[in-house]
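Given next are the chains, with one letter for each unit.
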Amino acid sequence: MIREARAADWPGIWPIVHDVVTEQRTFPYDPAMTEPDARRMWLLGPPARVVVALDGDRVTGTANMYTNRPGPGSHVASGSLMVAKEARGAGVGRALTTDLIAWARRSGFAAIQFNAVVDVNLPAIRLYESLGFVTLGTAPGAFRHPSAGDVGLRIMWLDLR
């Protein structure tokens, strides 16, 4: 089940954000990020939207979605998705991504742009491509992966028109 995040969900969201960020495999965020910094960065206020994926009462994933750029770029959405370690491969990422796409359509965005998909994050790339995203380009060596070394960051795009 996907629903809007509430302030009371943060204790379930934080371990996911912390794990993903400290793994340093899929997000270009500082692994030394503090919990207060993570909370400010993740729990964006309106008009942005933050959701959680739930298995019963347990938070298994989270996403935030927002305007990619202000002003002349405000017709393009973006977002970030994170899934708990124990829930990866179980469809949580797909549920969060399809929810983000539905939100962007309802909100009248022309497209969705993911700005920094790590080139070796093949499960995410396959998921996004299966939902119609294409890679517009890759910044070579823009991400320092702990085992793969310097790898690219993809810009991925879904046209909603």
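All of these numbers come straight from a predicted model, not from anything done at the bench.

Overview of the overall build of the protein chain
- Within the protein chain, the regular secondary structure consists of four helices and seven strands.
- Traced from its N-terminal end to its C-terminal end, the protein chain shows the element sequence β-α-α-β-β-β-α-β-α-β-β.
- The C-alpha atoms of the protein chain give 15 Å as radius of gyration, which agrees with the globular expectation for 161 residues (15 Å, within 12%).
- Based on the C-alpha atoms only, the size of the protein chain along its principal axes is roughly 40 × 35 × 30 Å.
- By residue count, 44% of the 161 residues in the protein chain fall in the buried class.
- In the protein chain, the share of contacts with a sequence separation of at least 24, taken over all contacts with a separation of at least 6, comes to 59%.
- Between the mean site of the 17 positive side-chain charges and the mean site of the 15 negative ones, the protein chain shows a separation of 4 Å.

Side note on the pairing of strand β3 (residues 58–67)
- Within β3, seven of the ten residues are buried, leaving the element largely enclosed by the surrounding structure.
- Looking at chain direction, strand β2 (residues 49–55) and β3 are connected through seven bridges and run antiparallel. Considered in β3, the bridge of Ala 53 is made with Gly 61.
- Count of turn residues in the β2/β3 antiparallel hairpin: two residues, of which Gly 56 carries a positive phi of about 70°.

What about unusual backbone geometry?
- Backbone torsion omega between Pro 46 and Pro 47 reads 10°, so that peptide bond is classified as cis.
- Tracing the chain through its elements places Pro 47 in the loop between α2 (35–42) and β2.
- The phi angle at Gln 24 is positive, at roughly 60°, despite the residue not being glycine.
- Its location among the elements puts Gln 24 in the loop between α1 (10–23) and α2.
- By relative accessible area, Gln 24 is classed as partly exposed at 34%.

Each value, and the rule that gives it
Residues numbered from 1 in each chain as written. Predicted model: local features only at pLDDT ≥ 70, side-chain atom pairs only at ≥ 80, totals over all residues. Heavy atoms only, no water. Helix = DSSP H or I, 4+ residues; strand = E, 2+ residues; numbered from the N terminus. Rg over C-alpha atoms; globule rule 2.2 N^0.38 Å. Buried < 20%, exposed > 50% of the residue type's maximum accessible area, 1.4 Å probe, protein only. Contact = heavy atoms within 4.5 Å. Lys, Arg positive; Asp, Glu negative; His and termini not counted. Charge placed at Lys NZ, Arg CZ, Asp CG, Glu CD. Pairing = 2+ DSSP bridges.

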